[in-house]
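# Structural description and commentary
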Amino acid sequence: MPASRPGGEQEPSPLRSEPGALLEDVAVAVFGIDAEERVCYWGPGAQALFGHPAGAVLSRPAADLFPPPSPGEAGGASRFVERARTLGYWRVRMPALHENGDVFDCGLRGFPLTGPTGDGVVLGLAARGADLDRVKTNLVFLDTLFKTCPIGLVMLDEDLRYVHLNQALADMDGIPLTDHLGRPVEDIMLTSDGGEYQRMLRAVARGGLTVVGALVGLRTPGRPDLDQVRSVSFFPLSGAGDTRRGVGGLMVDVTDRERAILEASAARQRLALLDRAAARIGTTLDLDVTAHELVQAAVPDFGDGCVVELVEWMDETEDFDPQLPLITRRIASGTVLDAPAADELLGSLERVVYPPGSSIHDMLSTGRPLSVPVDAEFLARTVAHPQRARLLLDSGFADILIAPLIARGTVQGLAIFGRSARRPAFATEDLRLAGELASRAALCLDNARLYGRIQDIALTLQRALLPSAPAAGPYVDIAHRYLPGGRVTEVGGDWYDAIDLPGGRVALVVGDVMGHGVLAAAAMGRLRITAQTLARHTSDDPAALLAELDDCAQEAGIEWATCLYLDYDPHTGSARIANAGHLPPLVRNPDGTVRALGEDLGIPLGVGGVDYRSTTVDLPEGAVLALYTDGLVEARGQDIDTGVDALRSRLAAPVDSLEEAADRILAELLPDASATDDTVLILARVRRAPPGGRGGDGTTER
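Residues numbered from 1 in each chain as written. Predicted model: local features only at pLDDT ≥ 70, side-chain atom pairs only at ≥ 80, totals over all residues. Heavy atoms only, no water.

### Let's talk about the overall build of the protein
- Secondary structure assignment for the protein yields 17 helices and 26 strands.
- Counting all 702 residues of the protein, 44% fall into the buried class.
- In the protein, of all internal contacts separated by at least 6 residues, the share reaching a separation of at least 24 is 61%.
- Counting only carbon and sulfur atoms, one obtains 54% of the accessible surface of the protein, whose full area is about 34500 Å². (Helix = DSSP H or I, 4+ residues; strand = E, 2+ residues; numbered from the N terminus. Buried < 20%, exposed > 50% of the residue type's maximum accessible area, 1.4 Å probe, protein only. Contact = heavy atoms within 4.5 Å. Areas by Shrake-Rupley, 256 points an atom, 1.4 Å probe, with all protein chains shown as cover.)

As structure tokens, this is what we get:
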């Protein structure tokens, strides 16, 4: 009885089981045996299995389908019919005989049927034993896989509802296996990816996509407080028979692995941040620069904002009292948040007062970094002014980390880092990192503070040893300027003086001691006082004075110092000049021309074993002298002659007021008002004494 297809097409293949990956290739033979044990029905599958065409086997003995029995035993057909009639259904594996004589293992199913006339027929179903074994093995494998596999297995229908899953997946979800069935997957796998996971599953269900090893972050109702990361693979399931299409999937919990990867990545990022901070912080010994370097190192890599504040202690030995307000001075701040309140919050306040009981007090009491959320409690305890509290709420900062700046056992100040809600809140590892950043920055800040104190001492000493109002007599007008070097360089040994001498003469002196700091300032003071004493009590020969000053420098251990000594006589209009390695003075004549005087530089003081020479020059009435140190004309990357030429051109301008001219020259040659070295500038306008005028010692000059 051949099967027919629509359109009359004959089905050439044997009857097969329902389509499906396991059964669709298993050929099933259908045949019937009547009461006389003759073949009465022969399906297409029977011909394919046994090899006999229907015309050759119908009405023939069914014994032809089985190998001959052993003597004294019933034949295969007789046994098959007898057991099927007796049991009503019989399943057996027994040898069968192919038309070509081959014997093969055959799986048989038999059960009796009774027709309308009462005739009894045994209907048989047969298939090769090897095919049945293959199907059984696959079914056993699948059944064992779902029962024992540690990987989560799932089957979803076209609507993405649970059809089948294993216990491993139920354990992952924390929900009983049966409570999954029939529920949509979005009820179980709660993601925060904007529906991306659902869209991926629908694409697989439509049969156009296979997903392998995608990472999905989720929570489940059974484990609501546990963030999970799963590696998922999905593939489309084709419909078998009248079953619907769906999705098959495998899931592996990789939360620990991903957490380890994230932690390792975060650790590398923290180490890289510390390396960058070590390179950035402390490049100078300037307190403000160092504080800004800490802010730049922390923002935006570590936080969205940062401020650095120094504690204003009454005394360095003062102990922290948590019952008293804490006053700090904000010296650096920065943020990447675009909220206007953030900039105003960080940058609009220099002096900050924290009330007792604030989070700052909590942090200083333990000496360890502290992380707090920006909430009502924090604002009430820490922010004294309601307006500042409102700014903090509007700034976008959601989490604050406070770290103490402690160096050499003393609390220098504090660093405050802030993060917005878009970033994870500060964790334990962040507290450690903030402590490392603060520790490194605190030492650099303390070095800058100590260096600044030494600078202040040196500058105070230097200014105390320099003349505040040099006496220049009635015939010389003087404007003088001293500009100490910036914080990047220490105070040097630049010095100057104007000395009244007998006979109305005036000595102008300028010099520079090699070195910086207190020692250079002290050496400068010794040379200035010695030069002043020698000028008043030795001969009027500048060369002889420098020789005496050189001996004194050697005795004092001053190894290298330059000095220019100019002795002006208003009665003759001449000036005698001796130079010990210093830059030559410039003179502006009344007609505006500028020239250098006494360009024989000589050897610096302290070297010893050299002779100095004096040069005499005439100075016209109203000439303006300019004495200076190299800080005015020397700059990095620029030849010193270029600087001298620049000074020469500025000096050529009209000089109505010496004070205004001095300010103008400094502003033009040092426009940033921050010299890299000490700078001295003396402008002196000389006049002639009238004939018969009285000298400085009360005698009449002739």
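### Let's talk about the side chain of aspartate 430
- Relative to the helices and strands, aspartate 430 is located in helix H13 (residues 428-465).
- By relative accessible area, aspartate 430 is classed as buried at 11%.
- Polar contacts involving the side chain of aspartate 430 include one to the main-chain amide nitrogen of alanine 427, which spans 2.9 Å.
- When residues no more than four places from it in sequence are discounted, the contact partners of aspartate 430 are Phe302, Leu401, Arg419 and Ala425. (Polar contact = N/O pair within 3.5 Å; in protein donor to acceptor, adjacent residues only side chain to side chain.)

### Examining the confidence of the model for the protein
- Counting all residues, the mean pLDDT for the protein is 84, and 87% of those residues have values of 70 or more.
- This stretch, residues 695-702, has a pLDDT under 50; its non-local contacts, to residues over four places away or in other chains, come to 16 contacts. (pLDDT = per-residue confidence, 0-100.)

### Focus: the pattern of salt bridges
- As enumerated under the stated definition, the model contains 28 salt bridges in all.
- Where aspartate 157 meets arginine 161, a salt bridge forms, and the shortest distance between an N and an O atom there is 3.1 Å.
- Between glutamate 312 and arginine 351 there is a salt bridge whose closest N-O contact spans 3.7 Å. With glutamate 312 in the loop between strand E11 (305-311) and strand E12 (326-335) and arginine 351 in strand E13 (residues 351-354), this residue pair connects regions lying 39 residues apart in the sequence.
- Assessed through its relative accessible area of 49%, arginine 351 is described here as partly exposed.
- Sharing partners across several salt bridges, the network here consists of Arg93, Asp105 and Asp133. (Salt bridge = Lys/Arg side-chain N within 4 Å of Asp/Glu carboxyl O.)

### What about the nonpolar core?
- By size, the foremost hydrophobic cluster in this structure holds 31 residues, and its most contacted members are Ile281, Phe302, Val308, Leu401, Leu405, Phe417 and Leu437.
- For this core, the elements supplying multiple residues, two or more each, are helix H7 (255-280), helix H8 (287-298), E11, E12, strand E15 (397-407), strand E16 (410-420) and H13.
- Look past the residues within four positions of valine 308 in its chain and what remains in contact with it is Ala291, Leu294, Val295, Arg329, Arg330, Ile331, Ala332, Leu405, Leu414 and Leu445.
- Counting 27 residues, the second largest nonpolar core, distinct from the first, contains Leu337, Ala342, Tyr354 and Phe378. (Core = buried A, V, L, I, M, F, W, Y, C linked by side-chain atoms within 4.5 Å.)

### Quick notes on the sheet that holds strand E6 (residues 152-157)
- Taking strand neighbours across the sheet as the criterion, the five strands line up as E7-E6-E10-E9-E8 in an open arrangement whose pairing is antiparallel. If you trace the sheet from one side to the other, it starts and ends with strand E7 (162-165) and strand E8 (211-220), each paired once. The mean inter-strand angle of the sheet, taken between neighbouring strand axes irrespective of direction, is 30°.
- Where E8 and strand E9 (residues 223-237) come together, seven bridges link them in antiparallel fashion. Counterpart to leucine 215 in the pairing with E9 is serine 231.
- Along the sheet, helix H6 (residues 196-205) contacts E6, E8, E9 and strand E10 (246-253); its crossing angle with E9, the most-contacted strand, is approximately 20°.
- Strands E8, E9 and E10 of the sheet are contacted by H7, whose axis makes an angle of about 110° with E9. (Pairing = 2+ DSSP bridges. Axes fitted to C-alpha atoms, helices over the stretch in contact; angles between N-to-C directions.)

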